[in-house]
Amino acid sequence: MCLHIYNVQAQKIKIKTGIEVLKEQNFKCIDGKRVGLITNPTGVDNQMRSTVDILHEAPNVKLVALYGPEHGVRGDSHAGDAVGSSVDSITGLPLLSLYGKTRKPTPEMLKGVDVLVYDIQDIGCRSFTYISTMGLAMEAAAENGIEVIVLDRPNPLGGNKVEGNLTEDDCISFVSQFKIPYLYGLTCGELAQMLNEEQPAAKRCKLQVVKMKGWKRKMNYMQTGLQWIPSSPHIPQPVSAFFYPVSGILGELGYISIGVGYTIPFQLFAASWIEADRLADRLNALRLPGIQFRPIHLKPFYAFGKGEDLQGVQVHLMNYEAAALSEIQFLVMQEIAVLYPDRAVFSHADPKRFRMFDQVSGSKQIRELFSKRNRWEDIRDYWYKDVDSFRKYSKRFHLYK
């Protein structure tokens, strides 16, 4: 037996994130200020050093508090689990939770803080909760006369993909906190600028974005050369961020497996009653730009279908730029209803989960319109109705070409 050993080497880093630029500037914008840092394990520099440790060790910076989003500052809390407040074992600083009883910093939590610094890698999708934490922290900062500095990072999907309707009033929640599309095509710094300007003048915080160097809108994460740190347990690789919007809305129903609990989260659709080849043939016949479906058989390790023999399709992104990511789950729902009429999603899924589906979709209309005939064409116009106007509006906040 011949064993081949391959030398695996990271590609050259092509950009500098906000924390890299802040270091270059010798922390000028926070020099001598008492800093509260909102971060998690994704907050690192290009040498993989934690932003927590960098600011803690900087002689001209006084880091006084750490604030943890979902999963915690050190990434030691599981998805959906409340994050407790404690003391950081490495720095001895107070660890204050923004994913527990409170999701917006209280005046007490902000005592003794001059500036809040935000450094978290998100995934460019509205329902991922880190941007909700950022926006609520900005509101709290404005109310308490505290500055906000966002250390900018790439949108892993690039800056050109915009998909989905704006969140409607009755669906505002922590998984759709703002009236933006499902895929919004902005970096966290650009989004912060937009959210701040949309506030009445009296409610705006003093905001500064430390821009990246070298990032371009056409870049997806793999093209940056940066290492990827799991932004949550089920986003283990940058490609996982591409697939999260492919299946994440349907996944809220707990109706079929989307690969969570298997080795390729968000990249598949499967159930015990699906016939893999039939579903793959139906979906490939749609000739979706940039997408190919492959029959797959699996036995999940946990979550939906744990220990069961499931079959379905794996989604392959053949041409990322050409693919409309969020449409795929609705077309899967459509074709399942054709092949298995007695399994049509909204007559078979748990109605208790419909509310979360609506919140993540940003509108009850998506579910209500789709459930009439189980046809993507019935919701297509609604799903895309805000995209052109948002593209035009959001351009004024672009920091990168």
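Residues numbered from 1 in each chain as written. Predicted model: local features only at pLDDT ≥ 70, side-chain atom pairs only at ≥ 80, totals over all residues. Heavy atoms only, no water.

A. Quick peek at the environment of Ser 361. Tracing the backbone through its elements, the reader meets Ser 361 in helix α9 (residues 354-361). Remark: the alpha-carbon pair of Ser 361 and Val 175, spanning 186 residues in sequence, is separated by 9.5 Å. Once residues within four sequence positions are removed from consideration, Ser 361 is found in contact with Arg 126, Asn 165, Ile 249, Ile 366 and Trp 383. Polar side-chain contacts of Ser 361 include one of 2.8 Å to the backbone oxygen of Phe 357. (Helix = DSSP H or I, 4+ residues; strand = E, 2+ residues; numbered from the N terminus. Contact = heavy atoms within 4.5 Å. Polar contact = N/O pair within 3.5 Å; in protein donor to acceptor, adjacent residues only side chain to side chain.)

B. Region of interest: the packing of aromatic side chains. Applying the stated criterion to the full structure yields 19 aromatic pairs. On the basis of an interplanar angle of 85° and a centroid distance of 5.4 Å, the ring pair of Phe 346 and Phe 354 is categorised as edge-to-face. Residue class for Phe 346 comes out buried when judged on its relative accessible area of 12%. In this structure Phe 354 comes out as buried when scored by relative accessible area, which is 13%. Through pairs of rings, three or more aromatic residues link up here, namely Tyr 182, Phe 330, Phe 346, Phe 354, Phe 357, Phe 370, Trp 376, Trp 383 and Tyr 384. The ring of Tyr 99 carries the charged tip of Arg 103 above its face, separated from the ring centre by 4.2 Å. The ring of Tyr 382 carries Lys 385 above its face, with NZ or CZ at 4.8 Å from the centroid. (Phe/Tyr/Trp six-rings, centres within 6.5 Å; stacked < 30°, edge-to-face > 60°. Buried < 20%, exposed > 50% of the residue type's maximum accessible area, 1.4 Å probe, protein only. Lys NZ or Arg CZ within 6 Å of the ring centre and 35° of its normal.)

C. Representation of the pairing of strand β2 (residues 62-68). Within β2, five of the seven residues are buried, leaving the element largely enclosed by the surrounding structure. With helix α2 (residues 51-57) bridging strand β1 (residues 34-39) and the parallel β2, this β-α-β connection has right-handed handedness. Both β2 and strand β4 (residues 94-97) contribute to a ladder of three bridges, which runs parallel. For Leu 66, the partnering residue across the bridge sits in β4 and is Leu 95. (Right-handed = clockwise from strand over helix to strand, strands pointing away. Pairing = 2+ DSSP bridges.)

D. Looking closely at the domain arrangement of the protein chain. Split by domain assignment, the protein chain resolves into domain 1 (18-227) and domain 2 (238-362). Between the C-alpha centres of domain 1 and domain 2 there is a distance of 31 Å. The interface is formed by 23 residues belonging to domain 1 together with 22 residues belonging to domain 2. On inspection of domain 1 and its partner domain 2, the count reaches zero salt bridges. At the boundary of domain 1 and domain 2, one finds 13 residue pairs in polar contact (both at pLDDT 80 or more). (Domains from an automatic or database assignment. Salt bridge = Lys/Arg side-chain N within 4 Å of Asp/Glu carboxyl O.)

E. Spatial organisation of the UniProt feature "domain: Peptidoglycan beta-N-acetylmuramidase NamZ C-terminal" (unreviewed entry) in the protein chain. Mapped onto the present numbering, the UniProt feature "domain: Peptidoglycan beta-N-acetylmuramidase NamZ C-terminal" (unreviewed entry) falls at residues 243-400. Helix makes up 44% of residues 243-400 and strand 13%, with an end-to-end C-alpha separation of 24 Å. (UniProt positions renumbered as here; feature names shortened; annotations may be inferred.)

F. Focus on the side chain of Glu 20. Positionally, Glu 20 belongs in helix α1 (residues 18-24). Engagement of the side chain of Glu 20 in a polar contact is seen with the side chain of Lys 23, the distance being 3.2 Å. Residues in contact with Glu 20, not counting those within four places in the same chain, are Asp 45, Asn 46 and Gln 47.

G. Representation of the sheet that holds strand β12 (residues 310-317). Spatially, β10-β12-β11 is the arrangement adopted by the three strands of the open sheet, whose pairing is antiparallel. Where the open sheet ends on each side, the last strands, each with one partner, are β10 (268-271) and β11 (291-298). In this sheet, neighbouring strand axes are inclined to one another by 20° on average, regardless of whether the strands run parallel or antiparallel. The sheet contact formed by β11 and β12 spans eight bridges and is antiparallel. (Axes fitted to C-alpha atoms, helices over the stretch in contact; angles between N-to-C directions.)

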